[in-house]
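In case you want the letters, here they are:
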Amino acid sequence: MQNASDSSLVGDEYEVEIGPVAHGGHCIARTEDGRVLFVRHTLPGERVIAKVTEGEEDSRFLRADAVRIIEAAKDRVEAPCPFSGPGKCGGCDWQHAKPGAQRRFKGEVIAEQLLRLAGLTPEEAGWDGTVAPAPGDKLPPGEVPAWRTRVQYAVDAEGRAGLRRHRSHDVEPIDHCAIAAPGVTELGIEKRSWPQMESVEAIAATGSHDRQVILTPAPGGRLPLVELDKPVSVLRVDERDGGVHRVHGRAFVRERADGRTYRVGAGGFWQVHPQAADVLVKAVMQGLMPRKGETALDLYCGVGLFAGAIAERLGERGAVLGIESSKRAVEDARHNLRDLDRVRIEQGKVDQVLPRTGITEADLIVLDPPRAGAGKQTVRSLAALGARRIAYVACDPAALARDLKYFSEAGYKPRTLRAFDLFPMTHHVECVAILEPVKKDA
C-alpha cells in the first residue's frame, strides 16, 4: 500500500522471517526487496507481519512493530503486562519472551558487540557467555520481577500518569507498572491526577523506608498539594534553572550497600535494581582484589559507592581519589565517606580533573562512566597510570566494546568479564570487565 506521503513508509506492512536479536531491544529482518527492518515485539525465528513505524523510501533501515505473529518461537509467552505491545508503553522490550531467553538474547548482543567493535571473542574477553540474574529474580515464565525502585512517570494533557511510548513523547496512561518495586507501587502515583505537571518521578530507597517524589511542572504550572498513600518527601524541578528544590521532607534518600549507608540527594544517581549495588560492588572487589596500603581511583564515582568499598579494604595506609562531575553527588560522596580519612573526592569532568591532580600512578582503578563510555583520550590517560588492575562497570555493551578496543591499543586486556541482568524485561544489561596490563615478552 502507498502512504499519503510519497516517501514515507510508515504504516506499510511486510511479512518477514525474523533474524537475530540486535542491540536496542529489537530483531533484524529483511523484506523480499532487501530492506532492513528493526522489528520490536518479536523473537528470532518467528514469521510475522511487521508494520513500519519509522522510515522512508531512501532510509538505510526501517523500524517496525510485529503486529501479527504467524509462526511463534518457543520462547514466546503472553506479555504479563497489559500495557506492553505495539504502540503501547516503551519501557520494556522483552515482556513477550521467557526470562531465560531474555538473558540469552542479552548475551548474544554482548558477544556481537565485543566481536564487531573490539575484535574479541567471549574467550578472549574472559567471559563464559552467560548473563546472570540478580538474586531473587529467577522467576518462572509469566511472572515479572518488581525491581524498578525509580520510575519517572510522564503526565498527559488530562493529568494522567503514564509512561512514554517507544521513541515518542506520547504518553501511555497506566494503572500499574509491572516492573515497579513495591515501594514505588504503594505510593499510588497512577491512582491520582497530576494537573499542570510534566512528569512525576517516584523513588523508593532499598536501604531505608525513604520515599521521594520529584515533580516537574509544565511551563507555568502550579505545584499540586501532594497527598499519597504513604509518607513521602516532595521535591520540585525549577523550570528556570533545572535545579531540584525541596518542598517538604528530606532532600535525599538513604540507600545501603556493602555494609554502608549512602545519602543520595535530589534525585541523584543510584542503581535502580534493589540488588544492583551489592552485586556490582562484589564483582568489582572480587576482580580487583584490593591489598592493604594500595592507592586507587574511583572515576565517575557518583555518591561514592565504589570509593567506599575499596577504601574499607585498603586499610589506613591506603588512599582513594574519587572524581565526579555532579556537584550535588560530590557533596553526598564527601558526606557518605567522611569517616574514611584516606578518601578524597574531587568535582569536575574526569578528563579535566585527572591531569590537575598530578597523579602519575595508581594501583587500582574503577570506572563507571555514563552510557556513552569513557572515550579514547580518557582510556589512554588511565592506561598511562600503570594500574595492576582496572575494573570497568558498563551499562552499554557497545560503549564497553569500544573502550576495550582503546584499552587494548594502550596495553590492557580483559582478564574477566561478567554480565548481570539488572534490568529484567528491558534490553539493558550491566557488565563488569576486569583489565590487566598485557605482559611484555622477555
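Being a predicted model, the structure only gives us computed values, none of them experimental.

Engineer: Looking at this structure, how should I read the sheet that holds strand 6 (residues 131-133)?
Structural biologist: Adjacent strands of a sheet form backbone hydrogen bonds with each other and so pair up, either parallel or antiparallel. Spatial strand order, 6-21-22-20-19-16-17-18: eight strands in an open sheet with mixed pairing. At either end of the open sheet lies a strand with only one pairing partner, and these are strand 6 and strand 18 (343-347). Averaged over all pairs of adjacent strands, the angle between their axes in this sheet comes to 20°, without regard to strand direction. Of the strands in this sheet, strand 6, strand 21 (412-421) and strand 22 (430-437) touch helix 1 (residues 99-118), which is tilted by about 150° from strand 6. Its contacts with the sheet put helix 3 (residues 276-288) on strand 19 (364-367), strand 20 (389-394), strand 21 and strand 22, and the angle it makes with strand 22 is roughly 15°.

Engineer: For this particular structure, what's the right way to read helix 5 (residues 327-336)?
Structural biologist: Spacing of three or four residues puts side chains on the same side of an α-helix, whose turn is 3.6 residues. For helix 5, the set of buried residues is Ala329, Val330, Asp332, Ala333 and Asn336. Relative to the axis of helix 5, the buried residues are bounded by an arc of 165° and lie together on one face. Each element contacted by the buried residues of helix 5 is listed here: strand 15 (260-265), strand 17 (319-324) and strand 18.

Engineer: Mind showing me how you'd approach the side chain of Arg103 here?
Structural biologist: Structurally, Arg103 is set in helix 1. Notably, Arg103 is buried but unbridged: the nearest opposite-charge side chain belongs to Asp421, and the N-O separation is 4.4 Å. Beyond its immediate chain neighbours, meaning those up to four positions away, Arg103 contacts Val131, Ala132, Pro133, Lys138 and Asp421.

Engineer: Even after reading the chapter, I still don't get the nonpolar core, so can you show me in this structure?
Structural biologist: One broad trend across soluble globular proteins is that nonpolar side chains are buried collectively. In terms of nonpolar packing, the biggest core is built from 79 residues, with Tyr153, Ile189, Trp194 and Val284 touching the most fellow members. In terms of residue count, the dominant contributor to this core is helix 3 (nine residues). Once residues within four sequence positions are removed from consideration, Trp194 is found in contact with Val155, Gly159, Ala161, Ile189, Val200, Leu215, Pro224, Val226 and Leu228. Listed in part, the 40 residues of the second largest apolar core include Val131, Val350, Ala374 and Ala387.

Engineer: Whenever I open this one, the packing of helix 1 against helix 8 (residues 397-409) confuses me. Can you help?
Structural biologist: Axes are the key here: two packed helices are described by the angle between their axes and the distance separating the axes. The contact between helix 1 and helix 8 brings their axes to 8 Å, and the two run at 35°. Considering how the two elements wind past one another, helix 1 and helix 8 form a crossing that is right-handed. Together, Val109, Ile110, Gln113, Leu114, Leu117 and Ala118 of helix 1 and Pro397, Ala398, Ala401, Arg402, Leu404 and Lys405 of helix 8 make up the contact between the two elements. In terms of residue class, the contact of helix 1 with helix 8 is made up of nine nonpolar, one polar and two charged.

Engineer: Looking at this structure, how should I read the pattern of salt bridges?
Structural biologist: Any two side chains of opposite charge can pair if their charged atoms end up close together. Scanning all chains against the criterion turns up 30 salt bridges. A salt bridge links Asp75 to Arg104; the nearest nitrogen and oxygen atoms lie 2.5 Å apart. Of this pair, Asp75 sits in the loop between strand 5 (62-71) and helix 1 while Arg104 sits in helix 1, placing them 29 residues apart in sequence. Owing to a relative accessible area of 39%, Arg104 belongs among the partly exposed residues under this scheme. Arg254 serves as the salt-bridge partner of Asp210, at 2.8 Å between the closest nitrogen and oxygen. Within this pair, whereas Asp210 is found in the loop between strand 10 (197-204) and strand 11 (211-217), its partner Arg254 is found in strand 14 (residues 252-257), the two being separated by 44 residues in sequence. Taking the relative accessible area as the measure of exposure, Asp210 reaches 8% and is therefore buried. What you see here is one network of salt bridges that share partners, running through Glu15, Glu17 and Arg47.

Scoring rules and cut-offs
- Residues numbered from 1 in each chain as written.
- Predicted model: local features only at pLDDT ≥ 70, side-chain atom pairs only at ≥ 80, totals over all residues.
- Heavy atoms only, no water.
- Pairing = 2+ DSSP bridges.
- Helix = DSSP H or I, 4+ residues; strand = E, 2+ residues; numbered from the N terminus.
- Axes fitted to C-alpha atoms, helices over the stretch in contact; angles between N-to-C directions.
- Contact = heavy atoms within 4.5 Å.
- Buried < 20%, exposed > 50% of the residue type's maximum accessible area, 1.4 Å probe, protein only.
- Arc of directions from axis to C-beta.
- Lys, Arg positive; Asp, Glu negative; His and termini not counted.
- Salt bridge = Lys/Arg side-chain N within 4 Å of Asp/Glu carboxyl O.
- Core = buried A, V, L, I, M, F, W, Y, C linked by side-chain atoms within 4.5 Å.
- Left-handed = near helix turned anticlockwise from the far one by under 90°.
- Nonpolar A, V, L, I, M, F, W, Y, C, P; charged D, E, K, R; others polar.

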